[in-house]
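# Architecture at a glance
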Amino acid sequence: MRSTAQLISYELILSSAILLVILLSGSLNLTVNAESQRAIWYIIPLLPIFMIFFIGSVAETNRAPFDLAEAESELVSGFMTEHAAVIFVFFFLAEYASILLICILTSVLFLGGYLLYFSIIFDVFDYYEIMYLLDEPFSYIDTKYYLLLSNPVMEGLVYGLVLGLKSCVMVFVFI
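Predicted model only: the values in this text are computed from it and were never measured.

Criteria and cut-off values
Residues numbered from 1 in each chain as written. Predicted model: local features only at pLDDT ≥ 70, side-chain atom pairs only at ≥ 80, totals over all residues. Heavy atoms only, no water. Helix = DSSP H or I, 4+ residues; strand = E, 2+ residues; numbered from the N terminus. Expected span 1.5 Å × (residues − 1). Buried < 20%, exposed > 50% of the residue type's maximum accessible area, 1.4 Å probe, protein only. Axes fitted to C-alpha atoms, helices over the stretch in contact; angles between N-to-C directions. Parallel < 35°, antiparallel > 145°, perpendicular 65-115°, else oblique. Left-handed = near helix turned anticlockwise from the far one by under 90°. Contact = heavy atoms within 4.5 Å. Nonpolar A, V, L, I, M, F, W, Y, C, P; charged D, E, K, R; others polar.

A rise of 1.5 Å per residue sets the reference length of helix α6 (residues 152–174), with its 23 residues, at 33 Å; its end C-alpha atoms lie 33 Å apart and thus fit the reference within 8%. All of the buried residues along α6 are Val158, Tyr159, Val162, Lys166, Ser167, Met170, Val171 and Phe174.

What follows is the structure, encoded as structure tokens:
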């Protein structure tokens, strides 16, 4: 009963924060949500909502200090006391899979998803006039990041790496 009440209360917080992000982006589609963050990531204007979402997601994934949803008599290992070997591994794996899913959702909703601002990086190169250090094989940098992302395979690779990097940062923040 206590565990169910805790789960419902934190899911209400998470769904309210997600609804605010949906209202700001204007769509339920996560790709449209990520594309609407090209100008500014939602973590900046929605910082209090992000903090509420983050605390709710920590509680949803049963991380400390929200990991005591069971009764005090079950505090040895909780509901996993009777399980050993493979069943315990699956419970453990499911907990960390939920953490990974929440981190990916957080990076898509608040951190721009797969978007990375390459133009800022190349503008820094132009400002410090580092471009002359690059050899002929790297001459495509002179035309900014457009040619880098014009190939669909490279675009998918770069976007996947960016989303993976943001999600890994969120996982390390969680743990």
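Next comes the rest of the write-up.
Counting through the fold element by element, Thr31 comes out in helix α2 (residues 30–35). Residue class for Thr31 comes out partly exposed when judged on its relative accessible area of 41%. For the pair Thr31 and Tyr114, spaced 83 residues apart in sequence, the C-alpha separation works out to 9.1 Å.

Taking 1.5 Å per residue as the helical rise, helix α3 (residues 47–60) with its 14 residues ought to reach 20 Å, and the 19 Å between its terminal C-alpha atoms agrees with that figure. If you check which residues of α3 are buried, you get Ile49, Phe50, Phe53, Gly56, Ser57, Val58 and Ala59. Remark: Asn62 follows α3 within two positions and exhibits a positive phi of approximately 60°.

Moving on, we come to the packing of α3 against α6. Contact geometry of α3 with α6 gives a least axis separation of 11 Å together with a crossing angle of 65°. Between α3 and α6, the crossing angle belongs to the class labelled roughly perpendicular. Relative to α6, the crossing made by α3 is right-handed. In this structure, α3 contributes Phe50, Phe54, Ser57 and Val58 to the contact, and α6 contributes Met170, Val173 and Phe174. Classifying every residue of the contact of α3 with α6 gives six nonpolar, one polar and no charged.

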